[in-house]
Amino acid sequence: MKLILILLTFLGVAQGCDDTDNTYYPPPEQSEVGVNYYLTTPDQSNLLALQTNNIFPLTDNNNFTISVSESTTYQEMDGFGYTLTGGSAALINSMSTSAKENLLQELFGTGENSIGVNYLRISIGSSDLDATTFSYNDLPAGQTDEDLTSFSLQPDMANLIPILKDITAINPNIKILGSPWSAPTWMKTNGSTIGGELLPQYYDTYANYFVKYIEGMAAEDITIDAITIQNEPENPHNNPSMVMTAEQQKTFIRDHLGPTFQAENITTKIILFDHNLDHPEYPISILNDAAAKSYIDGSAFHLYAGQIDNMSLVHNAHPDKNVYFTEQWVQAPGDFYSDIRWHIRELIVGAPRNWSKTVLEWNLAADPNSNPHTDGGCTECLGAITIDGNTVERNPAYYIIAHASKFVPAGSVRIESNYSTEFPNVAYKTPEDNIVVIVLNNSDTQKTFNLNTPQEPITAILPAGSVGTFVW
């Protein structure tokens, strides 16, 4: 038995010393690189964390290479952010003064501990994530007000407008998009906050409603950069909601809203659709009308149905018009692993690579029970942050947006980078001449890859299912 053990030991040593069968590949040497690498991992051990390891100067290897070229440019970005719902504003406004100030600085500031959110969507009237439904011209049943003498922004004076003022004090250049969930009920076919259509006899009145809204917000020192005509015009089930066909939207813009904006010197952008990517023909059919098109800036989309590539179908049909990604929810209670991967791949990478000027997640904030919401509104919408008194919990959408908003300010231009299903990525040149590349490891194993840029080519290690933002 001793002789057998000695022989086995000898064989093991001999095999271990056989260099021809066990080639040793040393890891890249760790050395200083002039690139910042921020990492978020599915196990949350790294959350937008600046890395000091796993990034190396590029040497000859067989890794997949993402090549970045500044000479090929695409769209200029307007920004990344959330919908500041009425409920979100109420929760933030209920915090102590110091907690509120700290949170808003973290979200909208540009300091080391801020994430630089630079685009917001708000509802014109209530969304389904307000505590109750309202418009700015609610009347008793049977009454009408075609001159809009009763128009008032009062429902938003308690929370939304004060919070917007706090935000614009931090970032005066933030862009704000307004979207209505419904017209006032007296303008609708069914007299209800749910479903129904805009009565044709009120098309001019509703156009003036938008004017009064934009001018009223301007009087509060809040600039509305753009409006969509109707949130989810093909969804009659939400509370509030309103149906608007492509033909109706075209007529409203071409014959009423566009001329009214022109007559009143309103420069706020008019954006179409604001619904799912399974129906790109909706905005295309409107843009095919030259008279309507003359008033329109572009089209907005959600991705509860359809494919993100359909944004390029709309862009290619009318390349002189913009496209925007304006909403995607995270379902409570959230799944950090799958949420990060899907949203980074489809939205943070996919939407800009298909010409989008914005990427907006849905509600900024909710309480631990996904409140507030209307009767019939979303009961499982997880906020980017959960607010419980003065306590803030940061959820998947916080980090999804932060991986772009912190590093890609408004005015950044998307530049060329080669795509891979294993390493979905998007690259930008910022106004400060930084190069920013956001990369997802879309696999279940740790991967090493190269980033080839003229400034400083690197090799990086990205854990399974993780996202990295690289800044030169």
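Residues numbered from 1 in each chain as written. Predicted model: local features only at pLDDT ≥ 70, side-chain atom pairs only at ≥ 80, totals over all residues. Heavy atoms only, no water.

1. What about the overall build of the protein chain?
Stage number 1. Summing up its helical and strand segments, the protein chain has eleven helices and 21 strands in all.
Stage number 2. For the protein chain, the C-alpha atoms occupy an extent of roughly 105 × 50 × 40 Å along the three principal directions.
Stage number 3. In the protein chain, which comprises 472 residues, the proportion classed as buried is 56%.
Stage number 4. Across the protein chain, the fraction of contacts at a sequence separation of at least 24, relative to all contacts at a separation of at least 6, is 71%.
Stage number 5. For the protein chain, the distance from the average site of its 21 positive side-chain charges to the average site of its 55 negative ones is 3 Å. (Helix = DSSP H or I, 4+ residues; strand = E, 2+ residues; numbered from the N terminus. Buried < 20%, exposed > 50% of the residue type's maximum accessible area, 1.4 Å probe, protein only. Contact = heavy atoms within 4.5 Å. Lys, Arg positive; Asp, Glu negative; His and termini not counted. Charge placed at Lys NZ, Arg CZ, Asp CG, Glu CD.)

2. Regarding empty space enclosed by the protein
Over the atoms, a rolled probe matching the size of one water molecule traces out where space is still vacant.
Stage number 1. This model, assessed by the stated rule, comprises one cavity of 30 Å³ or more.
Stage number 2. What lines the largest cavity is Thr85, Gly87, Ser88, Leu129, Asn363, Ala365, Ala366, Ser370, Asn371 and Pro372.
Stage number 3. At the level of elements, helix H2 (86-93) and strand S13 (365-366) are the ones that each hand at least two residues to the lining of the largest cavity.
Stage number 4. In the lining of the largest cavity, the residues fall into four nonpolar, six polar and no charged. (1 Å grid on protein atoms, 1.4 Å probe; cavity = no way out; pocket = protein on both sides within 12 Å on 5 of 7 lines; lining within 4 Å. Points joined across faces, edges and corners; volume = space filled by probe spheres on them. Nonpolar A, V, L, I, M, F, W, Y, C, P; charged D, E, K, R; others polar.)

3. Describing the packing of aromatic side chains
Stage number 1. Here the structure, examined in full by the defined rule, presents 23 aromatic pairs.
Stage number 2. Arranged with centres 5.7 Å apart and planes meeting at 80°, the rings of tyrosine 203 and phenylalanine 252 form a pair that is edge-to-face. Linking tyrosine 203 in helix H5 (residues 203-219) with phenylalanine 252 in helix H6 (residues 246-263), this pair joins segments that are 49 residues apart in sequence.
Stage number 3. For tyrosine 203, a relative accessible area of 7% gives the class buried.
Stage number 4. We classify phenylalanine 252 as buried; its relative accessible area is 0%.
Stage number 5. A network of ring pairs unites the aromatic residues Phe134, Tyr136, Phe151, Tyr203, Tyr206, Tyr209, Phe210, Tyr213 and Phe252 as a single cluster.
Stage number 6. Positioned over the ring face of tyrosine 74 is arginine 414, at 3.9 Å from the centre of the ring.
Stage number 7. For arginine 414, the ring lying beneath its charged end belongs to tryptophan 355, and the centroid distance is 5.7 Å. (Phe/Tyr/Trp six-rings, centres within 6.5 Å; stacked < 30°, edge-to-face > 60°. Lys NZ or Arg CZ within 6 Å of the ring centre and 35° of its normal.)

4. Side note on the nonpolar core
Stage number 1. Core analysis: the largest hydrophobic core is formed by 109 residues, its most contacted members being Leu84, Tyr213 and Ile227.
Stage number 2. In terms of residues, this core owes the most to one element, H5, which gives nine residues.
Stage number 3. Leaving out residues up to four positions away in the same chain, isoleucine 227 has contacts with Ile124, Leu177, Gly178, Phe210, Ile214, Leu257, Phe261, Thr268, Lys269, Ile270 and Ile271.
Stage number 4. Residues Val437, Leu451, Ile458 and Ala460 belong to the second largest nonpolar core, which totals 20 residues. (Core = buried A, V, L, I, M, F, W, Y, C linked by side-chain atoms within 4.5 Å.)

5. Quick word on the state of the cysteines
Any covalent bond linking the sulfur atoms of two cysteines counts as a disulfide.
Stage number 1. Using the criterion set out here, one finds one disulfide in the structure.
Stage number 2. One disulfide in the model links cysteine 378 with cysteine 381; its S-S distance is 2.1 Å. Since a negative S-S torsion denotes a left-handed disulfide, the cysteine 378-cysteine 381 link at about 105° is right-handed. In this pair, the class of cysteine 378 matches that of cysteine 381, namely buried. (Disulfide = S-S within 2.5 Å.)

6. Brief notes about the sheet that holds S13
Strand pairing in a sheet relies on backbone hydrogen bonds, with the paired strands running either antiparallel or parallel.
Stage number 1. Taken in spatial order, the three strands make up an open sheet running S13-S14-S15, and their pairing is mixed. Where the open sheet ends on each side, the last strands, each with one partner, are S13 and strand S15 (391-394).
Stage number 2. When S13 meets strand S14 (residues 385-388), the two strands line up parallel, connected through two bridges. If you follow alanine 365 over to S14, its bridge partner there is isoleucine 385. (Pairing = 2+ DSSP bridges.)

7. Description of the side chain of aspartate 156
Stage number 1. Among the structural elements, aspartate 156 can be located in the loop between strand S6 (119-124) and helix H4 (160-170).
Stage number 2. In this structure, aspartate 156 is in contact with Phe134, Tyr136, Ile161 and Pro162, ignoring residues within four places of it in sequence.

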